[in-house]
Amino acid sequence: MGVIKDLLKEELDNSLRLKVDYKEELKKHPGGSIVVKEIKGHNYYYLAYRDAKKIKFIYKGKKLSSDDIGKLKESKRLRVKYKKLIQKLDKRIKYLRKALRGKED
Amino acid sequence: MEKKINSLCLEVLNRLNKAGVLKDLIIIGSWSIYFYKYYFKSENYSTYVRTKDIDFLISIPPKFKKEVNIFKLVEDLGFLERYQGSKGYIKLEHPDLSMEFLVPERGRGSDKPYLIPQLSINAQPLRFLDFLIENTIPLNAEGLHIRLPHPAAYALHKFIIFKRRSKAEKHDRDIEGALRVFNELIHHKKHSEIRYIFRRMHKKWQQKMLDNLKSIGEQEIAKILNE
């Protein structure tokens, strides 16, 4: 039983560590959308994203290159992926904690 | 769960193959057990793998002709690039699969990471890996051409290294996996191949292995090797 418990404990520690890592990665990929504001006949591009209850706008410039748009799309894709993996890890952590609390035969 | 892990592993291998680097990577560690099903082609052979880690062995000096950033290749699958321990060995991690890179340790050895700029990674040098590089087999697995250690080399290598494991779980896993593969080889009457590979091994390693087998009460295997 000791070996199995060690294995579950190791998996739990790994899952917790990985969850922290994904949360850190999420900070690098704030998500959001590009919005265009027209001011006095000129277009200005902003990245709009939600930070808690506030919507924040980060000025990106008067023009956006296809490279910038590509990077943003990739960043959004990664954000969605990381969020899904965090959900998966949450389920795994819950399961492992339950298994480790279980009585030994 | 296992199905998902297998499909992720195959996706990673597919991408490495398309990038032209898979042919110069040898899949070692417990994942070899899974892929040996394409070697044994036996219904009774259990492919169950108890680890998420897939280890890639790279012969040195590396032969890669193309430059490929492996992390970038798999980043969109959700892999994170992490640096392990005080030495900073690269590990690509995903909740269902972790990728590590190894090279053979030679001479007096060094625990410094071995840089492989062609793949934008570093690799951990470990003892006894030359033995695996010298005894590989090509396999066709689900449309992929992969390279693995010969099953006999895999089992014999594990019979040497299990004693070096500090964690009981890894120690037991090494023995269980090695016995599973070894018994399947015996079932397929591959005695001569086992002995051929055993005899190619350094005398000191042979002795070390026989001592290790004795310590776990597997004298029968020692007997087969010495026949």
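Cut-offs used in this document
Each chain carries its own residue numbering, running from 1 in the written order of its sequence. Chains carry letters from A onward and ligands carry numbers from 1 onward, assigned in written order. Only residues with pLDDT of at least 70 get local features here, since the model is predicted, and only at 80 or more are side-chain atom pairs given and counted; chain-wide, interface and lining totals rely on the full set of residues. Under the DSSP-based scheme used, a helix requires at least four consecutive residues in state H or I and a strand at least two consecutive residues in state E, with every element numbered from the N terminus. Counting other C-beta atoms within 10 Å of its own, a residue is labelled buried from 20 upward, exposed at 12 or fewer, and partly exposed in the gap between, with every C-beta atom placed from the backbone. Note that contacts rest on C-beta atoms placed from the backbone: two residues are in contact if these are within 7 Å. Where a domain begins and ends is set by an automatic assignment or by a domain database. Residue classes follow a fixed rule: Ala, Val, Leu, Ile, Met, Phe, Trp, Tyr, Cys and Pro count as nonpolar, while Asp, Glu, Lys and Arg count as charged, and any other residue, Gly among them, counts as polar. Note on terminology: a nonpolar core is a set of buried residues of type Ala, Val, Leu, Ile, Met, Phe, Trp, Tyr or Cys, with members joined through C-beta atoms within 7 Å. The criterion for strand pairing is that DSSP finds at least two bridges linking the strands in question. An axis is simply a line fitted to the C-alpha atoms; with a helix, the fit covers only the stretch in contact. Between two such axes, the angle follows the N-to-C directions and lies from 0 to 180 degrees. An angle counts as roughly parallel when it lies under 35 degrees, as roughly antiparallel when it exceeds 145, as roughly perpendicular when it falls between 65 and 115, and as oblique in every other case.

### A few points about the overall build of chain B
Working step 1: When you go through chain B residue by residue, the secondary structure sums to 10 helices and 9 strands.
Working step 2: C-alpha atoms of chain B, sized along the principal axes, occupy 50 × 45 × 35 Å.
Working step 3: Sorting the 227 residues of chain B into buried and exposed places 36% on the buried side.
Working step 4: Looking at chain B alone, contacts between residues at least 24 apart form 64% of all its contacts between residues at least 6 apart.

### Here's the deal with the environment of S110 of chain B
Working step 1: For S110 of chain B, the position within the fold is in the loop between β5 (97-104) and β6 (114-116).
Working step 2: The spatial distance from the C-alpha of S110 of chain B to the C-alpha of L126 of chain B is 8.9 Å, given a sequence separation of 16 residues.

### Observations concerning the domain arrangement of chain B
Residues and elements named next belong to chain B.
Working step 1: Domains assigned within chain B are domain 1 (1-149) and domain 2 (150-227).
Working step 2: The C-alpha-based centres of domain 1 and domain 2 are spaced at 22 Å.
Working step 3: Facing the 18 residues of domain 1 at the interface are 16 residues of domain 2.
Working step 4: Here the side of domain 1 that touches domain 2 gets 3 residues from one element, more than from any other, and that element is helix α5 (residues 129-134).
Working step 5: Taken together, the residues of the side of domain 1 that touches domain 2 break down into 10 nonpolar, 6 polar and 2 charged.

### A word on the interface of chain A and chain B
Working step 1: The interface of chain A with chain B comprises 15 residues on the first partner and 9 residues on the second.
Working step 2: The element best represented in the side of chain A that touches chain B is helix α2 (residues 66-101) of chain A, accounting for 8 residues.
Working step 3: Considering only residue class, the side of chain A that touches chain B consists of 7 nonpolar, 1 polar and 7 charged.

### Details of the nonpolar core
Working step 1: Counting 59 residues, the largest nonpolar core has I27, F56 and L156 of chain B as its most contacted members.
Working step 2: Of all the elements, helix α6 (residues 151-161) of chain B adds the most residues to this core, at 8 residues.
Working step 3: Two domains each donate at least three residues to this core, and these are domain 1 (1-149) and domain 2 (150-227) of chain B.
Working step 4: In this structure, F56 of chain B is in contact with L25, I26, I27, M99 and F101 of chain B, ignoring residues within four places of it in sequence.
Working step 5: In this structure, L18, Y22, Y82 and L85 of chain A belong to the second largest nonpolar core, which totals 5 residues.

### So, the pairing of strand β2 (residues 42-51) of chain A
Residues and elements named next belong to chain A.
Working step 1: Examined bridge by bridge, strand β1 (residues 33-39) and β2 share 7 bridges and lie antiparallel to one another. The residue bridging I34 from the neighbouring strand is L47, located in β2.
Working step 2: In this structure, the hairpin formed by β1 and β2 is closed by a connection of 2 residues, where K40 is found at a positive phi of approximately 50°.

### Considering the packing of α6 of chain B against helix α9 (residues 203-215) of chain B
Residues and elements named next belong to chain B.
Working step 1: Where α6 contacts α9, the two axes come as close as 8 Å, and the packing angle between them is 75°. It follows from the interaxial angle that α6 and α9 lie roughly perpendicular. Residues L156, F159 and I160 of α6 form the contact with α9, whose own contacting residues are W205, K208, M209, N212 and L213.
Working step 2: A per-class count over the contact of α6 with α9 returns 6 nonpolar, 1 polar and 1 charged.

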